Amino acid sequence: MYGSDSDGLQAARAQLVSYSARLLDDGLAVGSAGNMSVRIGDRVAITPSGVSYTEMRPEDICLVGMDGAELQSSETPSSETPMHLAIYAATKAQAGAGAVVHTHSPEVIALSAGRDELPAIHYAITGLGGPVRVAPYVRFGSAGLAASAVTALDGRSAVILRNHGAVTYGRDLAQAYDRALLLEWLARTYRLALSYGEPSILSAAELDEVTAESRRRRYGERRSPRP
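What you see is a predicted model; the values in this text were computed from it and never measured.

## A few points about the pairing of strand E3 (residues 62–65)
Both faces of E3 are covered, namely the face carrying Cys62 and Val64 and the face carrying Leu63 and Gly65. The pairing of strand E2 (residues 43–46) with E3 spans four bridges and is antiparallel. By the bridge assignment for E3, isoleucine 46 is matched with cysteine 62. Pairing of E3 with strand E4 (residues 70–72) involves two bridges; the strand directions are antiparallel.

## Details of the nonpolar core
Counting residues in each nonpolar core, the largest one holds 23 residues, and the members touching the most others are Met36, Val38, Ala45 and Leu173. With six residues, the top contributor of residues to this core is helix H1 (residues 6–25). One finds Val64, Met83, Tyr88 and Leu145 within the second-largest nonpolar core, a separate group that totals 20 residues.

## What about the sheet that holds strand E5 (residues 99–103)?
Reading across the sheet, the nine strands line up as E4-E3-E2-E1-E5-E9-E8-E7-E6 and stay open at both edges, with mixed pairing between neighbours. Both edges of this open sheet fall to E4 and strand E6 (117–118), since each of them pairs with a single strand only. Across four bridges, the pairing between strand E1 (residues 35–40) and E2 is antiparallel. Paired with serine 37 across the two strands is isoleucine 46, which belongs to E2. Each of E1, E2, E3, E4 and E5 is contacted by H1, which is oriented at about 160° to E1, the strand it contacts most. Lying over the sheet, helix H5 (residues 173–194) contacts E1, E5, E6, strand E7 (132–135), strand E8 (158–161) and strand E9 (165–170), oriented at roughly 140° with respect to E9.

## Comments concerning the side chain of threonine 103
Residue position: threonine 103 is located in strand E5. Aside from chain neighbours lying at most four places away, what touches threonine 103 is Leu23, Leu28, His164, Gly165, Ala166 and Ala180.

## Regarding the packing of helix H2 (residues 81–90) against helix H4 (residues 143–152)
In contact at an axis separation of 8 Å, H2 and H4 are set at 35° when each is read in the N-to-C sense. Here H2 runs over H4; the crossing is right-handed. Across the interface between the two elements, Pro82, Met83, Ala86, Ile87 and Ala90 of H2 pack against Leu145, Ala146, Ala149 and Val150 of H4. Taken together, the residues of the contact of H2 with H4 sort by class into nine nonpolar, no polar and no charged.

## Focus: H1
With 20 residues, H1 extends 30 Å between its outermost C-alpha atoms, agreeing within 8% with the 28 Å of an ideal straight helix rising 1.5 Å per residue. Of all the positions in H1, only Gly8, Leu9, Ala12, Arg13, Leu16, Val17, Tyr19, Ser20 and Leu23 are classed as buried. On its buried face, H1 sits against E1, E2, E3, E4, E5 and H5. A positive backbone phi angle near 70° is found at glycine 27, which sits one or two residues after H1.

## What about the pattern of salt bridges?
Counted according to the given criterion, the structure contains seven salt bridges. Arginine 162 is paired through a salt bridge with aspartate 116; the nearest N and O atoms lie 2.7 Å apart. Of this pair, arginine 162 sits in the loop between E8 and E9 while aspartate 116 sits in the loop between helix H3 (106–112) and E6, and the two are 46 residues apart along the sequence. With a shortest N-O distance of 2.7 Å, glutamate 213 and arginine 216 are connected by a salt bridge. Taken together, the residues glutamate 213 and arginine 216, both in helix H6 (residues 204–217) and three residues apart, mark about one turn of the helix. One network of salt bridges, in which partners are shared, links Arg57, Glu59 and Asp60.

## Examining the packing of H1 against H5
At a minimum axis separation of 11 Å, H1 and H5 run at an interaxial angle of 10°. By the angle class used here, H1 and H5 are roughly parallel. The segment H1 lies against H5, with Gln15, Leu16, Tyr19, Arg22 and Leu23 engaging Leu173, Ala174, Tyr177 and Leu181. Tallied by class, residues from the contact of H1 with H5 come to seven nonpolar, one polar and one charged.

Parameters at a glance
- In every chain, residue numbers begin from 1 and rise along the written sequence.
- For this predicted model, a pLDDT threshold of at least 70 governs which residues receive local features, and a threshold of 80 or more governs which side-chain atom pairs are given and counted, while totals over whole chains, interfaces and linings are taken from all residues.
- Calculated side-chain values reflect all of the structure's heavy atoms, with hydrogen atoms and water omitted.
- Each residue is placed in one exposure class: buried if its accessible area under a 1.4 Å probe, protein chains only, is under 20% of its type's maximum, exposed if it is over 50%, and partly exposed if it falls in between.
- For the purposes of this entry, the term helix denotes a DSSP run of H or I that reaches at least four residues, the term strand denotes a run of E that reaches at least two, and both are numbered from the N terminus.
- Here, strands pair whenever DSSP counts at least two bridges between them.
- Think of a nonpolar core as a cluster: buried Ala, Val, Leu, Ile, Met, Phe, Trp, Tyr and Cys residues, connected wherever their side-chain atoms sit within 4.5 Å.
- Every residue pair with non-hydrogen atoms within 4.5 Å of one another is taken to be in contact.
- Only the stretch in contact is used when a helix axis is fitted, and all axes are lines through C-alpha atoms; the angle between N-to-C directions ranges over 0 to 180 degrees.
- With the far helix as reference, a near helix turned anticlockwise by less than a right angle produces a left-handed crossing, and one turned clockwise produces a right-handed crossing.
- Three classes are used: nonpolar for Ala, Val, Leu, Ile, Met, Phe, Trp, Tyr, Cys and Pro, charged for Asp, Glu, Lys and Arg, and polar for all others, with Gly counted as polar.
- Multiplying 1.5 Å by the residue count of a helix minus one yields the expected span of that helix.
- Every case where a carboxyl oxygen of Asp or Glu lies within 4 Å of a side-chain nitrogen of Lys or Arg is listed as a salt bridge.
- Angle categories: roughly parallel below 35 degrees, roughly antiparallel above 145, roughly perpendicular from 65 to 115, and oblique for all the rest.

In short, the description is geometric, and any link to function would need to be established separately.
Here it is as C-alpha cells:
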C-alpha cells in the first residue's frame, strides 16, 4: 500500500513510469497500449492516455479521485480509468487492491479468442486464485467492461478480457506486475501443452492442497524483510 502523503504520490509516480517501460521489454504491450495504476489513500495515480512508455515522465502520471474526478493531470487519464476504479471499489472489503495492471499480452489475447478459461495447467495458478476466467467482450473504456472485469475477478486476482487483454491486481505494483507476467507464462504454457495433445489439468482438490501447503510453508516469502 502507498502512503497518502506527497512522498507516497511521488514514489507511486516514479514506480508507474519504471514499470510502464517494462511492459514493452517484457512483451506485455506494444506502443502505448495497456495501462497501470496505484491507489494512494482515496486517490489513484494512473498512467496517461496516448503517451509513449519510452517518453513517459513522472509528471505525466495522472491523479484521479475514486469517483473518477481529475485531481491533478497534465495529460488525459487512461481510457480504462473506470475499470481500475471499479476494481479498487470491488476489492475494498477484502485485502484491497493497491495496484492494477492492464496488459495487451499476445498469449493471453490469443487464448481469449478461443477459450472461456485458462485452466490449471500448473500449480502456480494458485497465485492468481485458481483458473482464470475470460470475461465477455465489451468495448474498451466502457462501464460495461469495468463491470464485466469485476464479475470475472470474483475470487481471483487476474482476469482475461475477451479479444482485448488481461488485468491483474495486487497489494502493490510489484505484486500486480508479477501476476501479469505469471498469467502470460501460464497462457503460453497451456498453448504449448495443447500442441502435444489434450493436457492434464489439476483438479480443485489438488489446487486446494497446493494452497494449504504454500500457506504452511509461507512459500515464496522472504524469511526476513530487507532493511
